[in-house]
Amino acid sequence: MGKKIYEDNWWYNRLKFLAGFYIRGAFCRLKYTGLDRIPRGGALLYAPNHCNGLMDPLAVVNIDDEKKVFVARADIFDGKKASKFLSFLKMLPINRMRDGFKTVTRAEDTITKCIEVMAHK
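A short tour of the structure in this document, coming up. It should be emphasised that the depicted structure is a prediction, and the values quoted were computed from it without experimental measurement.

Basis of the calculations
- Residues numbered from 1 in each chain as written.
- Predicted model: local features only at pLDDT ≥ 70, side-chain atom pairs only at ≥ 80, totals over all residues.
- Heavy atoms only, no water.
- Salt bridge = Lys/Arg side-chain N within 4 Å of Asp/Glu carboxyl O.
- Helix = DSSP H or I, 4+ residues; strand = E, 2+ residues; numbered from the N terminus.
- Buried < 20%, exposed > 50% of the residue type's maximum accessible area, 1.4 Å probe, protein only.
- Core = buried A, V, L, I, M, F, W, Y, C linked by side-chain atoms within 4.5 Å.
- Contact = heavy atoms within 4.5 Å.
- Expected span 1.5 Å × (residues − 1).
- 1 Å grid on protein atoms, 1.4 Å probe; cavity = no way out; pocket = protein on both sides within 12 Å on 5 of 7 lines; lining within 4 Å.
- Points joined across faces, edges and corners; volume = space filled by probe spheres on them.
- Nonpolar A, V, L, I, M, F, W, Y, C, P; charged D, E, K, R; others polar.

A few points about the pattern of salt bridges
Following the criterion strictly, the structure yields six salt bridges and no others. The partner of Arg40 in a salt bridge is Asp64, and the shortest N-O contact between them spans 3.0 Å. Taken together, the positions of Arg40 in the loop between helix H1 (10-26) and helix H2 (55-61) and Asp64 in the loop between H2 and strand S1 (70-73) put the pair 24 residues apart, joining distant regions of the chain. The buried category is assigned to Asp64, whose relative accessible area is 15%. Between Lys113 and Asp109 there is a salt bridge whose closest N-O contact spans 3.5 Å. A residue pair is termed a helical-turn pair when its members lie 3 or 4 positions apart in one helix, as Lys113 and Asp109 do in helix H5 (residues 108-119) at four residues. By relative accessible area, Lys113 is classed as partly exposed at 35%. Looking at Asp109, the relative accessible area reads 46%, which means it is partly exposed. One salt-bridge network, in which partners are shared between bridges, spans Arg40, Asp64 and Lys68.

A word on the nonpolar core
Of all hydrophobic cores here, the largest spans eight residues; its members are Tyr12, Val60, Val61, Phe70, Ala72, Phe77, Leu86 and Met91. For this core, the elements supplying multiple residues, two or more each, are H2 and S1. Excluding its chain neighbours within four sequence positions, the residues that come into contact with Val61 are Tyr12, Lys16, Lys68 and Phe70. Formed by five residues, the second largest nonpolar core is a distinct cluster that contains Ile23, Met55, Leu58 and Ala59.

Details of H5
Counted at 1.5 Å a residue, the expected span for H5 with its twelve residues is 16 Å, and the 17 Å between its end C-alpha atoms agrees. A positive phi of about 55 degrees marks Lys121, the residue just after H5.

Points about the layout of surface pockets
If you add up the space inside the largest pocket, you get close to 1,400 Å³. In this structure, the largest pocket is lined by 44 residues; those nearest its centre are Pro57, Lys68, Val69, Phe70 and Val71. Elements with a contribution of two residues or more to the lining of the largest pocket: H1, H2, S1, strand S2 (91-94) and H5. Broken down by class, the residue content of the lining of the largest pocket amounts to 29 nonpolar, five polar and ten charged. Considered as a void within the structure, the second largest pocket measures approximately 460 Å³ in volume. Every residue lining the second largest pocket is counted, 20 residues in all, and those nearest its centre are Lys3, Lys4, Ile5, Ser87 and Lys113. Broken down by secondary-structure element, the contributors of at least two residues to the lining of the second largest pocket are helix H3 (80-88), S2 and H5.

Keep in mind these numbers describe shape, not what the thing actually does.
So this is what it looks like as C-alpha cells:
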C-alpha cells in the first residue's frame, strides 16, 4: 500500500515552496485577515469561494505551514496520468450533483478518505 495522501512528501514540499513564490508574484498585494482566529492543533476545513479554481488553492496552501489536502471536481481526474498528478498535489476527486445523481453515489470513497485525513489533522 502506498503513502497516505496526508503524509509528507519531499517533492510536494519543494513544489509548495515554489507555489508560494508564484502566488506572491501573481498579486501585487496579498493580505490574509483573521489568521488569529484559525484554530491550531486540530483538523480544519477551509472552503474557498472559488473565484479562481487555481489561485484559491494556492492562496489557501500558503496561509501557513500546516499540511493541507484538497477536494476537487472528479472530472479533472479523468485519465491515469491526470489522476496520479492531482493525487501527488494532495487532491481527492469528488462527484457533484450537477454531474448526475449516480455519480454522487461514487463519492463514498473520497468521503471516507476525507474523514481519515481529518482524523490525522
